[in-house]
Structures are given as C-alpha cells and as structure tokens.
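Listed below, chain by chain, are the residues.
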Amino acid sequence: MADTVAGLPVQHAEKSFYQQSTNKYSGILSWLLTTDHKRIGIMYLAAIGFFFFVGAVIGLLMRLELIAPGRQIMDAQTYNSFFTLHGVIMIFLFIIPGLPAIFGNFFLPIQIGARDVAFPRLNLLSWYIYMIGAALVLVSLFLPGGPIDTGWTFYIPYSVRSTTNVSMAIFAAFVLGFSSILTGINFVTTTHRLRAPGMSFFKMPLFVWATYATAWIQIIATPVIGITILLVIIERLFGVGIFDPALGGDPILFQHMFWIYSHPAVYIMILPAMGVVSEIIPTFARRTIFGYKAIAMSSLAIAFVGYLVWAHHMFTSGMSDTARWIFSLLTFIVALPSGVKIFNWVATMYKGSIDPQPPFLWVMNFIFLFSIGGLTGLVLGSLATNIHLHDTYFVVAHFHYVMFGGTGTIFFAAMHYWFPKMFGKMYNIKLARIAVLLFFVGFNLLYFPKFIMGYMGMPRRYYDYLPQFEALQEISTVGSWIVVGTLFFILGYLIHALLKGKKATSNPWGGVTLEWHIASPPSMENFAEIPTVTREPYDFSQLKEMKNE
Amino acid sequence: MSGKNKHHIDYGTYILVWLALLAFTTITVTVAGISLGRYTLFTALLIAAVKSALVINIFMHIRFDEPIFKAFLGISGMTLLIIFLLTFLDFIYR
Ligand code: HEM
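Residues numbered from 1 in each chain as written. Chains lettered and ligands numbered in written order. Predicted model: local features only at pLDDT ≥ 70, side-chain atom pairs only at ≥ 80, totals over all residues. Heavy atoms only, no water.

Take the overall build of chain A next. Per the secondary structure count, chain A includes 16 helices and four strands. A compact globule built from 549 residues should have a C-alpha radius of gyration of about 24 Å, and chain A, at 23 Å, falls within 12% of that. Over its C-alpha atoms, taken along the principal directions, chain A stretches across nearly 70 × 45 × 45 Å. Taken over 549 residues, chain A has a buried fraction of 61%. Long-range pairs, those at least 24 residues apart, make up 81% of the contacts in chain A between residues at least 6 apart in sequence. For chain A, the exposed area adds up to about 19,900 Å²; of that, 70% sits on carbon and sulfur atoms. Seen as two clouds, the 32 positive and the 24 negative side-chain charges of chain A have centres 8 Å apart. (Helix = DSSP H or I, 4+ residues; strand = E, 2+ residues; numbered from the N terminus. Rg over C-alpha atoms; globule rule 2.2 N^0.38 Å. Buried < 20%, exposed > 50% of the residue type's maximum accessible area, 1.4 Å probe, protein only. Contact = heavy atoms within 4.5 Å. Areas by Shrake-Rupley, 256 points an atom, 1.4 Å probe, with all protein chains shown as cover. Lys, Arg positive; Asp, Glu negative; His and termini not counted. Charge placed at Lys NZ, Arg CZ, Asp CG, Glu CD.)

Quick look at the pattern of salt bridges now. Here the structure, examined in full by the defined rule, presents eight salt bridges over all chains. A salt bridge links Arg115(A) to Glu525(A); the nearest nitrogen and oxygen atoms lie 3.7 Å apart. Separated by 410 residues along the polypeptide, Arg115(A) in the loop between helix 3 (76-111) and helix 4 (120-142) and Glu525(A) in the loop between strand 4 (502-503) and helix 16 (543-547) bring together distant segments of the chain. For Arg115(A), a relative accessible area of 29% corresponds to the partly exposed category. For Glu525(A), a relative accessible area of 43% corresponds to the partly exposed category. Counted as one network, the salt bridges with shared partners bring together Asp250(A), Asp90(B) and Arg94(B). (Salt bridge = Lys/Arg side-chain N within 4 Å of Asp/Glu carboxyl O.)

With that out of the way, let us pick up the packing of helix 7 (residues 206-238) of chain A against helix 3 (residues 67-93) of chain B. Their axes nearest at 11 Å, the elements helix 7 of chain A and helix 3 of chain B cross at an angle of 60°. In terms of orientation, helix 7 of chain A and helix 3 of chain B fall into the oblique class. As for how helix 7 of chain A packs across helix 3 of chain B, the hand of that crossing is right-handed. Contact residues: helix 7 of chain A offers Tyr212(A), Trp216(A) and Ile220(A), while helix 3 of chain B offers Phe72(B), Ser76(B) and Thr79(B). (Axes fitted to C-alpha atoms, helices over the stretch in contact; angles between N-to-C directions. Parallel < 35°, antiparallel > 145°, perpendicular 65-115°, else oblique. Left-handed = near helix turned anticlockwise from the far one by under 90°.)

Let's shift gears to a nonpolar patch on the surface. Residues and elements named next belong to chain B. On the surface, a nonpolar cluster with roughly 770 Å² of combined accessible area is contributed by Tyr 11, Ile 15, Trp 18, Leu 19, Leu 22, Phe 59 and Met 60. A total of five residues in the nonpolar patch trace back to one element, the largest contributor, which is helix 1 (residues 11-33). Counting through the fold element by element, Met 60 comes out in the loop between helix 2 (39-59) and helix 3. Relative accessible area serves as the criterion here: at 45%, Met 60 is assigned to the partly exposed category. (Patch = residues over 30% accessible without salt bridge, like charges linked within 9 Å, V, L, I, M, F, W, Y side chains within 5 Å.)

How big an interface is tends to be stated in terms of accessible area lost as the parts join. In terms of domain boundaries, chain B breaks down into domain 1 (7-60) and domain 2 (66-94). With centres defined by C-alpha atoms, the gap from domain 1 of chain B to domain 2 of chain B works out at 19 Å. (Domains from an automatic or database assignment.)

What follows deals with the nonpolar core. Residue and element names in this part refer to chain A. Core analysis: the largest hydrophobic core is formed by 196 residues, its most contacted members being Phe 92, Phe 103, Trp 345 and Trp 418. Broken down by element, the residue count for this core peaks at 21 residues, all from helix 3. Aside from chain neighbours lying at most four places away, what touches Trp 345 is Met 274, Val 277, Ser 278, Ile 281, Ile 289, Ile 295, Phe 366 and Ile 367. (Core = buried A, V, L, I, M, F, W, Y, C linked by side-chain atoms within 4.5 Å.)

See the structure below:
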C-alpha cells in the first residue's frame, strides 16, 4: 500500500506501534519503559483520564450536598476538602497537562513529519514525574492532619495556618510543574529541530503552532509557581515571615506570585484547545483555514499578553488603584487575539461544505460555551462589576464555562477526531452525536444557574445556602447528573469501540495534515521515509490523490 | 550546544565568577541589614540582576552560543522585566 505525502510515496510499515516496542521488553514493561511519543501519549491519556473521572465524581458529590439547604451527605469541613481536591485535580492533573501531554505528544511529532520528540527519554521522565506528583496528592489525603482545605488557590494566610496537609499537597503541585516544564522544553526543541524538509514555520499545522506557543508559557511561567510554593512551605515549616502579615509578610505578594503563574496557566489550558479547533474546522468544512497567519500569530500574541493580566484576579484584594485600572485595561486587550481566532474560524466555515461529524459538533459546542465563558470574563474584568461579583457563583460559572466548556469540550473533540488514528478503531457515530447533545443540555443546566445565583449574591465555596437559592441549586444538581452520566456514556462507547469497533481507515474524516497520510494506528517510526512537504497545511486539493491510493 | 566549542573558558575565570557571586551574596545580606528605605528593594534587585547576568553569560555559556538561544533568553528576560514593572504598579502606589 503506497501513500503519498506531498507527491512523494511513503511506504506503510506493516506493524503498528502497538506491536513494536522501543525496548527489548514486551507486555507492560514495553510500555513503562517506552520512549515512543505515541505510547507515552496514551499512557498520559490513561492517567489523566482516570483523574478526570475522579475529579468529576467529587464534583458530583459536591452537587449532591448542595441539592437542598442544610447538611445532606457531608459536613462543612469535608466540603472544604472536596472543592479543594476537585480544583487541584481538575487544574493540575487534568486540564493543564491534558491536551499537550496527550495529543501534543502523540500528534506534534507526526504533524511536523518527525519520528519522535527531540528528547524521548526526557518525555518518559515527564510522565513519571507527573505520576509522582499525582501520588503525592493521594498520599497527602491519608496522612494525619487530613486532606488540604485551602481551595486550589492556596491563599495566604490561611494556607500557612491551616493544620491540614497543605505542605505535601502543594509540594505535589511543585512536582507536577516540573513535568510541565520538561514537556514544554521537549516541544520547543522538537518544533525547532525536527521539522521535515519543506516544513517551514508557516507550513506547520495550527495545532503545532498552538502547542509551540503553549510550550513557551510552560517554560517561562511554571517556575514562578514552583518558587511560590517553596516559599509557602518554608513559611509553614520555619515560620519565616514572607507572606503571612502576622509574621511581617505581605499576603498580596503571594497573590501576585500565584497568579503570575496561574493566569498564564489559563492560556496553557486554552491555547492547545484553540489549536485543535483550527484543525477540526478546515477538515469538516473542506476548506483551507481562513487567515492562517493571523491565527498562528494570535497564538503567540495570546501567549504574550496572557502574562500581563494576572492581577485581574485580585481587584478586591487591596491592591493599589493604579494597578487595578491598568490591569483592567490590559484584560480587555486579551479579548482581541481571541476574537481574531473566533472570526477566522467562522470565516473558514462560511460557504464551506460542512460535514457535521462528532468532532465538528464538539467544536460547535465549544464555540458556544466558550463565547459565554469569554464574554462573562469581560464582565468580571471590569472593575465596578467585579466588586459585586467577586467570589460568587458567577465566577464559578465563568471558569467552568471557559475551562470545562472550552478546553474540556475540546478534549472530547480531540478525542473523537483522533481516536481512529490513535487506536485504529471507529466508534459509533450516532451515539457520539447523542453524547454531544446530552452534554450540551447537562452542561447548561449545571452551570447557567450559577451565573444567576452569583448575580443574586451566592458566595462560592459555601456548603450551605439561603432558601431563596434552592430551586436554582436543584436545577444545577440535576445538570450534574446529566453531565457525569454523559461522561460515563462516552467512556462506555469508546471502550466498546476499542474492543469491538470497526477497523478505522487511515483517513476517515478527509483530513490533509500529515497524520492522515499514515496508517491508523501509525507504525513505531511514523514514517518509513521522512516526507518532504511542499503543500500548504490545509490544501484540500490533495484529497483526491490521497483517496486514489 | 553550537558544537564548535571554540570559546573555552578556563577554570580561573570560573573561580573568579564564583567568588564574585559569593561577594554579591554577602553584599545583599549586608544591605538588607542597613535601612535604605525605598532603595532596599531596588538595590537587592540590581545585585540579583548582575548575578544572573554572570551566571547566564559565563556558566551557561550563552555569550558564546547561537543567536537563537540569545533571542530565547532575551524574550524570557523581557517577560520577567515586564512582570516586575507591573507588580511595582501595585507596590509603589499602594
Ligand atoms: C464533571 C462535572 C463537574 C462538576 C459537577 C463540578 C462542580 C463543581 C462545584 C460544585 C464546585 C464548587 C463550587 C463552590 O462551592 O464554590 C466546583 C469548583 C471548581 N471546579 Fe468544578 N465541576 C465539574 C467539572 C470541572 C472541570 C472539568 C474543571 C476544570 C477543568 C473544574 C474546575 C473547578 C475549579 C478550579 C473549582 C474551584 C475550586 C476552588 O474553589 O478551590 N470543574 N466545581
């Protein structure tokens, strides 16, 4: 079977990467010691997917507690630990590593025509560091002192004074940061050094651009959280007054340092997702992307401007007025490059011949939910409205819309887009379409009431509430059942596809980026012969010759 | 990383730089003890900047490396500078 990449024949290797090991072992050891970027991507998928479900079940339990006023299934302290754990798991174990570590690992090298990442062993090490970080979170739950209860933001002074296992849990975040930095270094180097002949920067698929920009944020921003966490640990262990005002420290300095990382981290979450969107839309609209350069550059612009807005999380913390209005202004500027992307995507679809397959439907879901999330972000970014809405459910709704409705949704889009390539099997399209609809309904039931409750004054992180919120809280809880039910439904039909699904062809969707030129699943070295790239990344005129093989 | 390796730094230079770093650390600690008012922080940052310049140029060999690495470092340095400036918008006017 011959394939063509930009006119050149490429031979398929017979065996897929599942059948070929990079080391002398077979079975589980061939996985645990592998240096194949695709296997490592799948190992990340298993680990990250597992933690996502744990986080989701904790969310479900919190919603169950909130179904009626008063104590239902847990006491206040347990609720405190639950929202902290849910936040820590979802942020540090799911959404930050999610897209880069799974899909970046698997597809970045393939999309630029490389056999692996630049540092395959470092890649495996990053996975182990991730697992160690995750294990530390788990261990911290069961040590005397009890699970951390500070919220995922670890705000001072409470995080210095709380008697729960704060030090260990935040040390876990420190360790996870290293995994993130190493992945970033790997991707930057891979993009610079391992592009196939002809693959100039402006011929790279937009997912590569986005992952590349993300990698830079991972490298530059993550050390800041590392230092901050170490300072908190030093303060807890030795009573050095760095942040705690009782010891002569500055609590607002903590918030600055925390958000100097955690805000750019928001872009670590969303940029790769935007990259996935830029892959899926051209494929299912059968049109080259509109404004390729503008989208590529807006990724870099978002990565950069993302550094300048962190203090909009701190408008009510007692920061100077000057800082407040400047950060508010800068916040509005980030909306510009994001708008560039949305408009270019819409322009790409205009007059395209749209094929509403599940990945495309997930992207539509994304555009809708992320737009709500983004626009309510502007409401929060304005100084005056922020005073009213700060620390209410409005914020909870906003960040679930951007993180879950945005990146989370695209996680599913990427899963449905690349599943046939990764596993060589096809899932049931009809069930997948139903899942998108169920998710959409459940999601809005779960989170939209939180906007209203927040506006009415319902504070976040409370395990109890006044009777006037009861109806909306109930709706939200019902929504959580639908969302979590849908998650298990998706898991179900994907596992079924894995075991019993039809064999997938090498290009089920009609994509044209390099991954669709090779077998499903790919061979260990991806390309028998490194391709020479002559075409633009989204040139659909090659589809005909690809089909004629 | 350039592979050419034509800029060999001798041990004497390394030791000199190391001593300079130690000296700067001593100065930082000493200055922290003297009350310089609003200049305390500024002095500390200045010394830190000189120290990192030494480490980056000599220990990390960036001075002798390809321009792309200098560009990477320059961008990171600029980002750091902007972060400092923005943080000071709070500290100075608080
Ligand atoms: C699976 C369905 C989910 C449900 C039912 C759910 C529910 C909740 C609830 C009830 C809270 C606590 C609100 C409060 O009392 O302040 C919460 C907080 C939070 N959730 Fe979710 N959530 C879900 C998914 C996600 C996802 C996918 C993410 C991230 C990608 C996420 C990130 C967060 C964060 C960061 C917090 C804040 C924790 C804190 O206050 O420290 N959640 N969620």
